[in-house]
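# Coordinate inspection notes
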Amino acid sequence: MQITTALALSPSAPFLKPKYLLNRNPNPRIVPVQQLNLFTSTNGLSCQRSSSLFSARTSVLFPYPNPRFSGFKFRASSVPENDEGNQKSSSLGEILQLGFMFAIWYLLNIYFNIFNKQVLKVFPFPATVTAFQLGCGTVLVILMWAFNLYEKPKISKSQFSAILILALLHSMGNILTNVSLRKVAVSFTHTIKSMEPLFTVVLAALFLGEKPALPVVSSLVPIVGGVALASSTESSFNWTGFCSAMASNLTNQSRNVYSKKFMLNKEEALDNINLFSVITIISFLLCTSAAIFIEGIKFTPSYLQFAASQGMNVRELCVRSLLAGICFHSYQQVSYMILQMVSPVTHAVGNCVKRVVVIVSSVIFFQTPVSPINSLGTGLALAGVFLYSRAKRLKPKPKAA
């Protein structure tokens with residue numbers, strides 16, 4: 001609520017009556033105060049002190065220096081203004097904007113997983129595909145900085161050495177994820193990746209010295225049990241796909257833990273969007289080198305024709321690869337934008353819902369056969385992820401002295 005504070009004039013002595021004021025000397029030395037306005041600001045909230053009580057209609061004048069008026073003093077009186085409607089409309093606008101951002105985040109995830117799976121089916125080179133996707137992200141980052149859509153960061157040598165480690169882990173995590181998506185169903189890969197909280201807790205305890213609370217540890221039980229149940233009944237189960245998804249959990253959470261340790265140094269810290277942008281560029285260079293070393297140069301006419309023989313022509317392959325690359329970078333960019341708007345716990349809950357949306361949409365689109373036990377295991381694991389995000393919100397009670 002905005003408060004307008006008006007300066008009110010009141011006599012400090014009881015013998016000063018209004019009648020006495022009307023019989024004052026008509027020619028004292030006077031100072032007009034019709035336009036007296038004082039402004040103060042605290043924490044971004046402006047408070048206006050106005051002499052609105054002394055309008056031009058009353059023509060109130062301060063006789064100065066007349067001893068008869070030395071007994072007057074100023075006092076502040078609050079005049080609340082009814083702007084609850086503006087606050088409600090502002091809150092509604094923020095909710096709609098946040099809802100739109102979450103919808104875009106989920107939609108980009110759905111399209112990325114569909115396009116990416118389609119490309120990997122006919123072009124079985126996950127390192128090359130990952131390098132291409134990071135290349136699309138690099139182009140988008142350069143355009144963002146070139147058109148001043150976001151301020152370009154200045155990176156010191158110490159920052160670069162720390163970011164290089166993050167980029168290496170980021171590259172490995174994405175390559176391993178694409179290896180898993182190449183070997184098993186999209187829904188199964190994301191079910192395995194729901195075990196990320198387990199790796200987070202273990203790595204944080206080992207490298208950051210964070211001791212997990214009992215509710216956090218308890219929430220890991222349904223996650224592990226659900227993934228085990230889903231794996232035992234998965235029709236597309238493949239050890240390469242399973243192990244690569246687990247390894248991607250390890251690398252991605254190692255990146256997050258190291259990033260948290262890196263961001264603790266305020267002088268060395270970058271904002272989330274710029275940090276992700278720099279990581280994307282470095283990861284593109286690393287993945288390109290890794291793809292050439294592991295798989296060789298695969299973007300050649302012969303390999304593109306091989307993809308065409310698998311049921312997708314060259315034009316469709318290029319278009320879907322490009323769309324997957326754009327969606328890949330865009331959904332992560334939107335994720336960081338949402339993280340700047342909400343708390344980490346809210347973001348974690350949203351990420352849990354996102355995984356449910358991706359699993360359900362991929363099962364429907366690719367018509368993946370799912371047994372009741374498999375569905376139960378997937379649901380149990382996702383419920384554990386939700387409980388984990390809620391448990392992280394709980395603050396430990398202070399110990400009594």
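Figured I'd write up the structure that's included with this text.

Before going further, it helps to examine helix H11 (residues 314–339). A rise of 1.5 Å per residue sets the reference length of H11, with its 26 residues, at 38 Å; its end C-alpha atoms lie 38 Å apart and thus fit the reference within 8%. One side-chain oxygen of the residue at the start of H11 lies 3.2 Å from the amide nitrogen of Arg 315, identifying that residue as Asn 313.

Here we come to the pattern of salt bridges. Going through the model one piece at a time under the given rule, you end up with two salt bridges. Note that Glu 196 and Lys 193 form a salt bridge whose closest N and O atoms lie 3.7 Å from each other. With relative accessibility at 8%, the residue Lys 193 sits in the buried group. Where Glu 196 meets Arg 355, a salt bridge forms, and the shortest distance between an N and an O atom there is 3.6 Å. Of this pair, Glu 196 sits in helix H6 (residues 196–208) while Arg 355 sits in helix H12 (residues 344–366), placing them 159 residues apart in sequence.

In terms of nonpolar packing, the biggest core is built from 20 residues, with Trp 105, Phe 112, Tyr 331, Val 334 and Ile 338 touching the most fellow members. Mapped onto this core, the elements with two or more residues apiece are helix H2 (84–122), helix H3 (126–146), helix H9 (272–294) and H11. With seven residues, the top contributor of residues to this core is H2. Once residues within four sequence positions are removed from consideration, Val 334 is found in contact with Met 101, Ile 104, Trp 105 and Leu 108. If you look at the next biggest cluster of nonpolar residues, it comprises 18 residues, including Met 195, Val 201, Ala 245 and Tyr 388.

Residue placement: Ser 231 occurs in helix H7 (residues 214–232). Residues within four places of Ser 231 in sequence aside, it is in contact with Phe 188, Phe 237 and Phe 242.

So, on to the packing of H9 against H11. In the contact formed by H9 and H11, the axes pass within 9 Å of each other and the chain directions differ by 155°. In terms of orientation, H9 lies roughly antiparallel with respect to H11. Note on packing geometry: the crossing formed by H9 with H11 is right-handed. Across from Asn 272, Ile 273, Phe 276, Ser 277 and Thr 280 in H9, the residues of H11 making contact are His 329, Gln 332, Gln 333, Tyr 336, Met 337 and Leu 339.

Where two aromatic rings form a pair, the distance of their centres and the angle of their planes describe that pair. This model, assessed by the stated rule, comprises 14 aromatic pairs. Pairing Tyr 111 with Phe 115 gives two aromatic rings, centres 5.8 Å apart and planes at 25°, and the pair type is stacked. Separated by four residues within a single helix, Tyr 111 and Phe 115 lie in helix H2, roughly one turn from each other. A relative accessible area of 40% means that Tyr 111 is categorised as partly exposed. Look at Phe 115 and you get buried, because its relative accessible area is 15%. With centroids separated by 5.0 Å and ring planes inclined at 85°, the aromatic side chains of Phe 365 and Phe 366 adopt a geometry described as edge-to-face. Taking relative accessible area as the criterion, Phe 365 reaches 44% and is therefore assigned partly exposed. For Phe 366, a relative accessible area of 22% gives the class partly exposed. Grouping aromatic residues by their ring pairs yields a cluster made of Phe 188, Phe 237, Trp 239 and Phe 242.

Definitions and cut-offs
Residues numbered from 1 in each chain as written. Predicted model: local features only at pLDDT ≥ 70, side-chain atom pairs only at ≥ 80, totals over all residues. Heavy atoms only, no water. Helix = DSSP H or I, 4+ residues; strand = E, 2+ residues; numbered from the N terminus. Expected span 1.5 Å × (residues − 1). Polar contact = N/O pair within 3.5 Å; in protein donor to acceptor, adjacent residues only side chain to side chain. Salt bridge = Lys/Arg side-chain N within 4 Å of Asp/Glu carboxyl O. Buried < 20%, exposed > 50% of the residue type's maximum accessible area, 1.4 Å probe, protein only. Core = buried A, V, L, I, M, F, W, Y, C linked by side-chain atoms within 4.5 Å. Contact = heavy atoms within 4.5 Å. Axes fitted to C-alpha atoms, helices over the stretch in contact; angles between N-to-C directions. Parallel < 35°, antiparallel > 145°, perpendicular 65-115°, else oblique. Left-handed = near helix turned anticlockwise from the far one by under 90°. Phe/Tyr/Trp six-rings, centres within 6.5 Å; stacked < 30°, edge-to-face > 60°.

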